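Here's the letter readout for the chains.
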Amino acid sequence: MIRVSGLEKKFGRQTVLNGIELDIAEGGIYAILGPNGSGKTTLIKCILGLTHPNEGEIFIHDKAVRGKWKYRNAINYLPQIANFPENLRVKELFSMIKDIRQSPGRDERLIEIFNLEPYLNKKLSTLSGGTVQKVNLVLTFMFDSPIVILDEPTSGLDPLAMLKLKELIRQERAAGKTLIITTHIMQFVEEVSDRIVYLLEGKIYYSGSVQGLLEKTQQQDLEHAIAHITKQELYA
Amino acid sequence: MVMMAQNVTGKTLTICQNCAINTIEEGIALAQSGDTLRVERGTYREYNLFVDKPLTIVGIDTPVIDGQKRGEIFRITADNVSIIGLKIINVGVSYTSDHAAIRIVKSEGFNVSNNELEQLFFGIFLEKSSRGRIANNRISGVAKDEYNSGNGIHIWYSKNVDVQDNTVEGVRDGIYLEFSDSVHIRSNKSRKNLRYGLHFMFSNHNFYGDNTFENNGAGVAVMFSKFIEMRGNHFSKNWGPASYGMLLKEITDATISDNIFEENTVGINIEGSNRIVYERNQFIQNGWAIKVLGACYSNTFRSNNFLYNSFDLSYNSRMNDNLFEGNYWSNYSGYDLDKDGIGDIPHRPVKLFSYVVNRTPETLILLRSLFMDIIDFSERVSPVFTPDNLADTKPLMRKVE
Amino acid sequence: MLKILKYSFYDLLRSRWAYAYFLFYLILGFVLLFLNGDLSKAVITLMNLIIILVPLISTIFGVMYFYSSREFTELLLAQPVRRDAIFLGQYLGITGTLASGLLLGLGIPFVAYGLFQSNEIYDFITLIVSGLALTFIFTGLAFNIAVRNENRIRGFGYAVLLWLFMAVVYDGLFLLTLIIFEEYPLDHFSLSATVFNPIDLSRILILLKLDISALLGYTGAVFKNFLGTKSGIFISCLALLSWIVIPLWTFMRKSRKKDF
């Protein structure tokens, strides 16, 4: 489904991605983990074409994506920091994106799920961080696309919204979609993900099942396993 | 008076191609003083016609006198000769003598009117003649170079002449005066001439008014003359590097009033001219409305309108002895708080930029640039290069009507 | 791209700036015309004003809009939309807003005053055309600055410097060169120096209308050929056009490569 080959990205002198090879098969939930600055967001942005890699190619459905744009019809993306045009009202934002994507969307159900009705006529600049994240989630899940990429989906969410998010993720997976999620909350990863990809200094340190990582690091749970890797890295 | 009586009582001889008299030369020879020659329609190939007695030669339906470029056509040496309604063409061009269509020598009481002069060298040439009238003639040449072209109406050592309602175009100087006084030049049109529309040299006490000077090589030149009155003329579109509406050189005690200077490269170019009064003139969209070169003293500029000229006034010295008062300046930026129609702060019409352009003409390309405006503004606030007493202390808030 | 243009417009029409810009010209136009009652004087005043003000406003607005629509851009970039469409749409959105502000702001008072019955209509058209060209040029230049500078303060700084340079400093250097090298033939230099600054170029278009009498006093033959003929206006317009196209092209090229 998604194949990343020899991906390299430098920002100035700093190498952020350094030869990433990754195969993501159709269906299932992939968690991309790694410490801050390990290149998770850059990898996602490369897949989306927001950032241009220096080397390597990305293929989606066996087609190289460099310079293309139509393939993004197959992707729903939740950005890490939700920046919206401040002058817009929530309702206008939804209808604008639907208009641009030329697709009806299922925003009504999602608005209900996240209790956003009271905010529909408010300007985005007046919303709290958590509400903005809910708007962000609605925008992401609004369309029926085979690939869903979530960059830190849990940030700012209250427990109830978190539950609903998990529910949504499970539904999408059940519908046979491919989900790529980055997060810092290990509990969330353990609960939802099928496979994890661990990035360290722009390289893939580990790619496989949760169980496999636990065995590799000889730790009882994911949190400790990650901590172990980080520590090793620190004293190496 | 005796002459006049003769004119009235004289007989009339008819000249036509099938008549007993079929050349003008013959007609003149047969006529007696005071007779009238009726020249009927047709073409007469004649030149060097000497009119040595008082005659009236009248063309009926504009007969054509064709000089075949052989020489002069009419030479008048008698008083009280009238030449009316002829079409004279193909005057001979010579580098040694100034051939004219009509030359009047040492005569008085002449009348040259309603003639058409074409393909000419000189048109009407007055030599030491006086008390005459040149009116309603249409003079049009095809002059290309100054050295082999003549003037339309050339007045030399003559006095008391009226030049009225003539149209002169395509010659060297439209109307030329040298050593001639008390000449009245009124309501003429002088256009597309190689050099000047009107040219004065050493001629005093003359008047010219209500004339139109358009598209001439260099407009009107008034040089080395005194007591000239210039009123109500229209100077327009005299364009070119050495072109102006009016050129004044060594002129004194003149009055220049109610003239319109429109779209000339330079409206008036003034060199060494003193005691001239400029009143109620309109300077509209000229490159330079007035350019003052060299020493000019005691001139007065009053009640003129300066409208949208690129430069209203340019000086090449730091000294000013001329008075500017009560003019309207379209780019005056002051105010009138006491509502008396006069701006409360003086207007300085000379821009520093005009000095820069005088020095380096190429800088003209920077006209209207913000940089120049800033420089001009600072100069206006504290004059360094421009004469600091050069200001209109009573600038008008409204146009002079 | 039309969709992006639509939403850019939509976004701009919500900000008060667009209206302030429009109202500024509207009031200026009415004040100049109805207080003074002199159409040609109003046109001349506006010409002097526009070649300075339009570049300033376009640069500042251009940079400001590019930075403030960053969120909008990022939102769109993740959507199935061509990148060129996003940036071209935004460029046309801001230039379209500024251009219509200028056109309507000045057009309404002048038409109300009876422009169509007057001789000044050609001068007015020159005024508007150079105003519009400058809007497109300086917005394009501003976008180039903004797309290359993540730091907004620095971007604004460069924008103001650009304006200051083009509007004032350039002509100062130009003048200095002309005076220093006055013994040399400067015709070709002057013409090229003019072509390399769009403000000077529009100024020349205006000079050709207002100061033709003075310009015909030029002795240089090159100038005469350039200024005296239709080809002068044609070349000026061509140069203005390339001033629009080239910055737009470099901006689009940069934005295609930019990482978000």
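These numbers were taken from a predicted model, which means no experiment stands behind them.

Here the focus is the arrangement of the chains. For the two pairs of chains in contact, the largest share of contacts goes to chains B and C. Contact between chain A and chain B is absent, and the least distance between their C-alpha atoms amounts to 37 Å.

When the UniProt feature table is mapped onto this chain, "domain: ABC transporter" (unreviewed entry) is found at residues 2-226 of chain A. As a span, residues 2-226 of chain A carries 34% helix and 27% strand, and end to end its C-alpha atoms are 25 Å apart.

Within this structure, the stated rule accounts for 35 salt bridges over all chains. Measuring nitrogen to oxygen at the nearest pair gives 3.1 Å for the salt bridge that ties Glu150 of chain C to Arg70 of chain C. Placement of the pair is Glu150 of chain C in the loop between helix 6 (121-148) and helix 7 (152-180) and Arg70 of chain C in helix 4 (residues 70-77), with a sequence separation of 80 residues. Given the relative accessible area of 21%, Arg70 of chain C is considered partly exposed. Salt-bridge contacts for Arg203 of chain C lead to Asp200 of chain C; the nearest nitrogen and oxygen are separated by 3.1 Å. With Arg203 of chain C and Asp200 of chain C both in helix 9 (residues 198-210) and three residues apart, the pair spans about one turn of that helix. Asp200 of chain C gets classed as buried once you look at its relative accessible area, which sits at 0%. Through salt bridges with shared partners, a single network forms among Arg106, Asp144, Glu172 and Lys177 of chain A.

Contacts between the two partners involve 28 residues from chain A and, on the opposite side, 23 residues from chain C. Buried surface at the junction of chain A and chain C, both sides included, amounts to about 2,400 Å², of which 57% is carbon and sulfur. Three residues stand out in chain A for area buried against chain C, namely Leu50, Trp69 and Ile100 of chain A, and they jointly supply 26% of the buried area on that side. Across the chain A-chain C interface, the total number found is two salt bridges. Where Asp259 of chain C meets Lys9 of chain A, a salt bridge forms, and the shortest distance between an N and an O atom there is 2.5 Å.

A word on the interface of chain C and chain B. Each partner contributes residues to the interface: chain C has 34 residues there, and chain B has 31 residues. Interface of chain C and chain B: buried area, both sides summed, is about 2,900 Å²; carbon and sulfur atoms make up 64% of it. Counting the contacts that link chain C with chain B gives two salt bridges. The closest approach of N and O atoms between Arg368 of chain B and Asp211 of chain C, which form a salt bridge, is 2.7 Å. Remark: the boundary between chain C and chain B carries six residue pairs in polar contact (both at pLDDT 80 or more). Those elements that provide at least two residues to the side of chain C that touches chain B are helix 3 (39-68), helix 7, helix 8 (187-195), helix 9, helix 10 (212-215) and helix 11 (221-228) of chain C. Element by element, the count of residues in the side of chain C that touches chain B is highest for helix 7 of chain C, at eight residues. For the side of chain C that touches chain B, a count of residues per class yields 18 nonpolar, eight polar and eight charged.

With that settled, the discussion passes to the packing of helix 4 of chain C against helix 5 (residues 83-113) of chain C. Residues and elements named next belong to chain C. The N-to-C vectors of helix 4 and helix 5 enclose an angle of 155°; their axes lie 10 Å apart at closest approach. In terms of axis orientation, helix 4 runs roughly antiparallel to helix 5. Considering how the two elements wind past one another, helix 4 and helix 5 form a crossing that is right-handed. Side by side, helix 4 and helix 5 meet where Phe72, Thr73, Leu76 and Leu77 of the first sit next to Arg83, Ile86, Phe87 and Gln90 of the second. Residue composition of the contact of helix 4 with helix 5, by class: five nonpolar, two polar and one charged.

For helix 2 (residues 90-101) of chain A, built from 12 residues, the straight-helix expectation of 16 Å at 1.5 Å per residue is met to within 8% by its first-to-last C-alpha distance of 17 Å. A large share of helix 2 of chain A lies buried, amounting to nine of its 12 residues. All of the buried residues in helix 2 of chain A are Val90, Glu92, Leu93, Phe94, Met96, Ile97, Asp99, Ile100 and Arg101 of chain A. Elements that come into contact with the buried residues of helix 2 of chain A comprise strand 6 (75-78), helix 3 (107-113) and helix 4 (129-141) of chain A together with helix 1 (2-14) and helix 4 of chain C. Following helix 2 of chain A by one or two positions, Gln102 of chain A has its phi on the positive side, about 55°.

What describes a pair of aromatic rings is the distance from one ring centre to the other and the angle between the planes of the rings. Considering all chains together, one arrives at 38 aromatic pairs over all chains under this definition. With a centroid separation of 5.7 Å and an interplanar angle of 70°, the aromatic rings of Trp17 of chain C and Phe61 of chain C are classed as edge-to-face. Taken together, the residues Trp17 of chain C in helix 2 (residues 16-36) and Phe61 of chain C in helix 3 connect sequence positions 44 residues apart. Feature note: the residues Phe200, Tyr208, Phe213, Phe235, Phe261, Tyr278, Phe283, Phe301, Phe306, Phe324 and Trp329 of chain B constitute an aromatic cluster, connected by ring pairs. The lysine or arginine in question, Arg103 of chain B, covers the ring of Phe125 of chain B, its NZ or CZ lying 4.1 Å from the ring centre.

Let us look at the environment of Glu21 of chain A. All names here are of chain A. As for its position among the elements, Glu21 is in strand 2 (residues 14-24). Residues Glu21 and Gly6, 15 residues apart in the sequence, show an inter-C-alpha distance of 5.6 Å. With residues up to four places along the chain from it excluded, the contact list for Glu21 reads Val4, Ser5, Gly6 and Ile204. A distance of 2.9 Å separates the side chain of Glu21 from the backbone nitrogen of Gly6, its partner in a polar contact.

Reading the values: the criteria
Residues numbered from 1 in each chain as written. Chains lettered and ligands numbered in written order. Predicted model: local features only at pLDDT ≥ 70, side-chain atom pairs only at ≥ 80, totals over all residues. Heavy atoms only, no water. Contact = heavy atoms within 4.5 Å. UniProt positions renumbered as here; feature names shortened; annotations may be inferred. Helix = DSSP H or I, 4+ residues; strand = E, 2+ residues; numbered from the N terminus. Salt bridge = Lys/Arg side-chain N within 4 Å of Asp/Glu carboxyl O. Buried < 20%, exposed > 50% of the residue type's maximum accessible area, 1.4 Å probe, protein only. Buried area = accessible area lost by both parts, 1.4 Å probe. Polar contact = N/O pair within 3.5 Å; in protein donor to acceptor, adjacent residues only side chain to side chain. Nonpolar A, V, L, I, M, F, W, Y, C, P; charged D, E, K, R; others polar. Axes fitted to C-alpha atoms, helices over the stretch in contact; angles between N-to-C directions. Parallel < 35°, antiparallel > 145°, perpendicular 65-115°, else oblique. Left-handed = near helix turned anticlockwise from the far one by under 90°. Expected span 1.5 Å × (residues − 1). Phe/Tyr/Trp six-rings, centres within 6.5 Å; stacked < 30°, edge-to-face > 60°. Lys NZ or Arg CZ within 6 Å of the ring centre and 35° of its normal.

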